[in-house]
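# Remarks on the overall topology
Here is what each chain is made of, one letter per residue.
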Amino acid sequence: MLGWRLQGVGVRLIAVAAASLLAAQCTTPREQDLFRVGSNANALIVIGVAEAAEAQHPEYAVLWRQIDERTGAFEQITARRMVEARTNSSETLRVAGLPGEFTVVEVEPGVYALDSVFATIPDGRVTYIAPGLIEGPERPSFEARRGEAVYLGIWEASLVDHSAVVRPWRLTEEDTALLSRATGRTVIGGLTPRETTLRAAPCTPRYLSSFSQRQIC
């Protein structure tokens, strides 16, 4: 039901620290690395991104950012106010029996909305970049409350007419149970599945920096 054609260009924002959260099974996580559902001051977000079967081999990044709950305006980008879910990354979690790659990141409690998605497509010595900015007015959003570990399901990323597109694909109890087991050493209390809802959020496109061609809201 939900699918958007997105416009914009981009370079990588920041690496998501999923690998450090999900340490090797042979080690015991440090106490400060544990996320305890119900008692942690922040929220934990888990989201999967799966690539649609295509002739190209793009790498995707899907950016969610915290918004002001009253006005819908995007907050300033900080490490604790954004979720960037990626594909083809050494820092994502892969789970046997589930398609795609999963990003696990701790953020401030609040409302988050989909800002943009972009794809880079290597072709020999040249790397192409697909557009990926959502101008709205409506966009997918979700709320992450204090102490919650939220699972947003698997989202499918693809290219349509040289633009990056993302849409919610699957969110099931079985997938949630598998992920809860996979993250069980560092997430104490299990994951809560949550569907996104549409929310109006104004977008004033701007470049990420003076050295970047990527646009964000």
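See the structure shown above.
Attention in this report is confined to the structure presented alongside it. Everything numeric here is computed off the predicted structure, so don't read it as measured data. (Residues numbered from 1 in each chain as written. Predicted model: local features only at pLDDT ≥ 70, side-chain atom pairs only at ≥ 80, totals over all residues. Heavy atoms only, no water.)

Before going further, it helps to examine the environment of F35. If you trace the backbone, F35 turns up in strand 2 (residues 35–36). By relative accessible area, which is 0% here, F35 ends up buried. Separated by 149 residues in sequence, F35 and G184 place their C-alpha atoms 9.8 Å apart. Once residues within four sequence positions are removed from consideration, F35 is found in contact with N40, N42, A43, L44, E106, G147, E148, A149, T186, V187 and I188. (Helix = DSSP H or I, 4+ residues; strand = E, 2+ residues; numbered from the N terminus. Buried < 20%, exposed > 50% of the residue type's maximum accessible area, 1.4 Å probe, protein only. Contact = heavy atoms within 4.5 Å.)

A word on the side chain of T120. Relative to the assigned elements, T120 resides in strand 7 (residues 110–123). Leave out the neighbours within four places in its chain, and T120 touches H57, P58, E59, T127, Y128 and I129.

Bringing the pattern of salt bridges into the picture now. In this structure the tally under the stated criterion is 11 salt bridges. Its salt-bridge partner being E108, residue R81 comes within 3.1 Å of it at the nearest N-O pair. Of this pair, R81 sits in the loop between strand 4 (59–67) and strand 5 (82–86) while E108 sits in the loop between strand 6 (101–107) and strand 7; the two residues are 27 residues apart in sequence, bridging distant segments of the chain. Relative accessible area serves as the criterion here: at 26%, R81 is assigned to the partly exposed category. Among the residues examined, E108 registers a relative accessible area of 27% and is labelled partly exposed. Taken together, the salt bridges that share partners define one network made up of E143, R145, E148 and R194. (Salt bridge = Lys/Arg side-chain N within 4 Å of Asp/Glu carboxyl O.)

Right, let's talk about the packing of aromatic side chains for a bit. Any two aromatic rings considered together are summarised by their centre-to-centre distance and by the angle between their planes. Overall, the coordinates contain four aromatic pairs when judged by the stated rule. Where W64 meets W155, the ring centres are 5.3 Å apart and the plane angle is 85 degrees; that geometry is what we call edge-to-face. Residue W64 is found in strand 4, and its partner W155 is found in strand 10 (residues 149–160); the two are separated by 91 residues along the sequence. The interplanar angle of 15 degrees and the centroid separation of 5.7 Å between the aromatic rings of Y112 and F142 together place this pair among those described as stacked. Here Y112, found in strand 7, pairs with F142, found in strand 9 (residues 138–144); they are 30 residues apart in sequence, far enough to count as distant. In terms of burial, Y112 and F142 fall into one category: buried. Members of the aromatic cluster, joined through ring pairs, are W64, Y112, F142 and W155. (Phe/Tyr/Trp six-rings, centres within 6.5 Å; stacked < 30°, edge-to-face > 60°.)

With that settled, the discussion passes to unusual backbone geometry. Residue P137 is reached from G136 by a cis peptide bond, and omega for that bond is 15 degrees. Positive phi, normally seen in glycine, also occurs at N88, with a value near 55 degrees. Mapping N88 onto the fold places it in the loop between strand 5 and strand 6. Here the phi dihedral of H162 falls at roughly 70 degrees; this positive angle occurs in a residue that is not glycine. The topology assignment puts H162 in the loop between strand 10 and strand 11 (163–170).

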